[in-house]
Every structure is written in C-alpha cells, then in structure tokens.
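# Descriptive structure summary
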Amino acid sequence: MKLRFLLFYLCAILACVPGWAQTRRTQTVAHRGEWRSEGSAQNSRTSLQRALDLGIFGSEIDVWLTTDGHIMVNHDATFKGVSMQDTTFAACKRVRLDNGERMPELKDLLKILKRSKSATRLIVEVKPHRDPQRSRDCATAAVKAIRKRGLEQRVMYISFSIEACETIHAIAPEAEVAYLCGNRTDHTIEELHRMGLTGIDYHISQFKEHPEWVEEAHRLGMNVNVWTVDNPDDMRAMQALGVDYITTNEPAMCDSIICRP
Ligand code: MG
C-alpha cells in the first residue's frame, strides 16, 4: 500500500519534468464554477466568469428543465423550497442564489461563454429528472440552445441519466458526452463506448478501487473525468493515474498542483 502511494508521487513528479510529460495531460474542471471565493455562489454567473478568468480546462454547471420548457442552472433538485422539475420559469427566476444573483438560465451562461475569449469549456450536466423522458427533453433543449449560439465546440456534456447521454449522442453525434457514476456501475465501460459515449466521469472512490478503469477507457479512446477531488494528495494521485480531467471545488489550487505547462 505504502509502495503504491510512493509510486503515485513519483509519477506525479516525473509528469512535471520536461521530457517526461504525459502524452495525456490532466486538466482542471471547476465543480459548479469557481464558487468558493468571496461574492461567488455555486452555478452562478460569477462562478462561471471566475472559472473562465482562471483559464482552466472546464467549468461545470447543472441544468434542469422547468414545466414550461426553460433550462435553469442549479444543482439541487429542490433549492430554497423550489422543486426544479416541478415548477415554472417565473418561480425559478424569483429565487436568489447565496451571492444575491437571480438563478440563471442556461442561455444567460451561454451569453457569458460566447462573450469570453477564454479557452475554458462549459461542462453541462443534465440532471436526472424523475421521468426519464424529461431527462431526454432537457438534454434535447440544452443541445438546441448551445447549437443556436454556435457554441458546440466549447461545450461538453455529462449526465447520471443514461437516457440523457444517449439522446445527446443521437442528436449531436460529434458532441463529447460522458456518463456520470457515483458508487455503482450499471454499465460497463465497453457498453458505454458501444453507445457512442466519449467518456466516463466517476467518483474518486471508484478509481481508488478500480485504477485499471482509466487504462480501459483510454484503450477505447474515451476520456476519464474524476469527481470531486479537493484534497491535494488525491489530486496528485489522480494525475499519476493518468485521468484526463479532475473536477474540483478548488480549481485554482488544483491547476497549480497538476503542473500547467
Ligand atoms: Mg454537477
């Protein structure tokens, strides 16, 4: 166990040495944007703007479809008493985030992305709705909104809903889509690959238990994202394992740890 830990460290150090750089570089994704700094909040306009300003690989958001077809950005199924999938746009937009901003729609954040010259990509998580058809509808609406603004190349998709992942792949075959998984694997990596998905996005505990999954996904040409990694030792260990993206609530720290070129 101790030897394994030392090997992780050795790989991380070698990855920083010119000439030893990994062909697949680990990059940082801000979980719900850069929200821990003063004046920011999860899934807010500010958190996206601050992630864009950091110039990291990506900034993640969560999206729900309201009963009247608007795509709202928020993590929780119920936020400040409002059940995201059971309510209207009017009710959602009355909700204030912890930094005082009104809850954004996806299109508000797409406007910020479009305006920005940052290379940071938007990682859109389609939340799993109670009715799988609503997850499909949310996925479809998100793809349309992104396509309408010509932002296809600057967006990637993730979802715990396999229906949402399949829908995105069906209507946007060029899109990068990763399946999210917490503590179980209801689909093998090979199955996900056969469905046309381009990545896996698993909780760190899964890669600690199954480090071989990183190589398996890479062999199939898929990307590997790990969540949610806020501890520096875990960041180094995941980089040493060769994951492509580390999703973290500490994006600035993570980016400095994993050796930007
Ligand atoms: Mg999320």
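Coordinates for the structure precede this section.
Note on numbering: residues in each chain are counted from 1, in written sequence order. The predicted origin of the model limits local features to residues at a pLDDT of at least 70 and limits the giving and counting of side-chain atom pairs to 80 or more, whereas totals for whole chains, interfaces and linings rest on all residues. Side-chain numbers here rest on the full set of heavy atoms in the structure, without hydrogens or water.

### Some remarks on the coordination of the magnesium ion
Ideal geometry at a metal gives 109.5 degrees between four tetrahedral donors and either 90 or 180 degrees between six octahedral ones. Around the magnesium ion, the donor atoms from the protein are Glu 60 (OE), Asp 62 (OD) and Glu 125 (OE), and they sit 2.0 to 2.1 Å away. Each metal site is built from N, O and S donor atoms within 2.8 Å (3.2 Å for Na, K and Ca), and since water is not included, such sites may look incomplete. One chain supplies every donor to the magnesium ion, and in sequence these donors are spaced E-x1-D-x62-E. Highlighted residues: Glu 60 in strand 2 (residues 58–65) and Glu 125 in strand 6 (residues 121–126), separated in sequence by 65 residues. Only DSSP runs of H or I reaching four residues or more are called helices, and only runs of E reaching two or more are called strands; each is numbered from the N terminus.

### Some details on helix 9 (residues 212–219)
Buried residues of helix 9: Trp 213, Val 214, Ala 217 and His 218, and no others. Looking straight down helix 9, one finds its buried side chains confined to an arc of 135 degrees; they lie on one side. In this structure, helix 9 carries Glu 215 and Arg 219 as exposed residues pointing more than 90 degrees from its buried face. Elements that come into contact with the buried residues of helix 9 comprise helix 7 (189–194), strand 9 (199–203), helix 8 (204–209), strand 10 (223–227) and helix 10 (232–241). Remark: Gly 221 follows helix 9 within two positions and exhibits a positive phi of approximately 80 degrees. Relative accessible area decides the class of each residue, using a 1.4 Å probe on protein chains only: under 20% of the type maximum gives buried, over 50% gives exposed, and in between gives partly exposed. Directions pointing from the helix axis toward each C-beta atom define the arc. Every residue pair with non-hydrogen atoms within 4.5 Å of one another is taken to be in contact.

### Describing empty space enclosed by the protein
Cavity and pocket criteria rest on a 1 Å grid covering protein atoms alone: a 1.4 Å probe that fits but cannot get out defines a cavity, protein on both sides within 12 Å along at least 5 of 7 lines defines an open pocket, and an atom within 4 Å of a point defines a lining residue. Grid points are joined across faces, edges and corners, and a volume is the space filled by probe spheres set on the points. One pass over the full model with this rule turns up one cavity of 30 Å³ or more. Quantified by volume, the largest cavity comes out at close to 100 Å³. Lining of the largest cavity is provided by 14 residues; of these, Met 156, Ile 158, Ala 178, Asn 225 and Tyr 245 occupy positions nearest its centre. Among the elements of the structure, strand 7 (155–159), strand 8 (177–181), strand 9 and strand 10 are those that each provide at least two residues to the lining of the largest cavity. Residues are grouped as follows: nonpolar covers Ala, Val, Leu, Ile, Met, Phe, Trp, Tyr, Cys and Pro; charged covers Asp, Glu, Lys and Arg; every other residue, Gly included, is treated as polar. Residues of the lining of the largest cavity, tallied by class, amount to nine nonpolar, four polar and one charged.

### Comments concerning the pattern of salt bridges
We count a salt bridge whenever a side-chain nitrogen from Lys or Arg sits within 4 Å of a carboxyl oxygen from Asp or Glu. Summed over the entire model, instances satisfying the criterion amount to twelve salt bridges. Between Arg 36 and Glu 250 there is a salt bridge whose closest N-O contact spans 2.7 Å. Here Glu 250 lies in the loop between strand 11 (245–248) and helix 11 (251–257) and Arg 36 lies in the loop between strand 1 (27–30) and helix 2 (45–54), a separation of 214 residues in the sequence. Relative accessible area serves as the criterion here: at 42%, Arg 36 is assigned to the partly exposed category. Shared partners join several salt bridges into a network, and the residues in it are Arg 36, Asp 230 and Glu 250.

These figures capture arrangement, not role.
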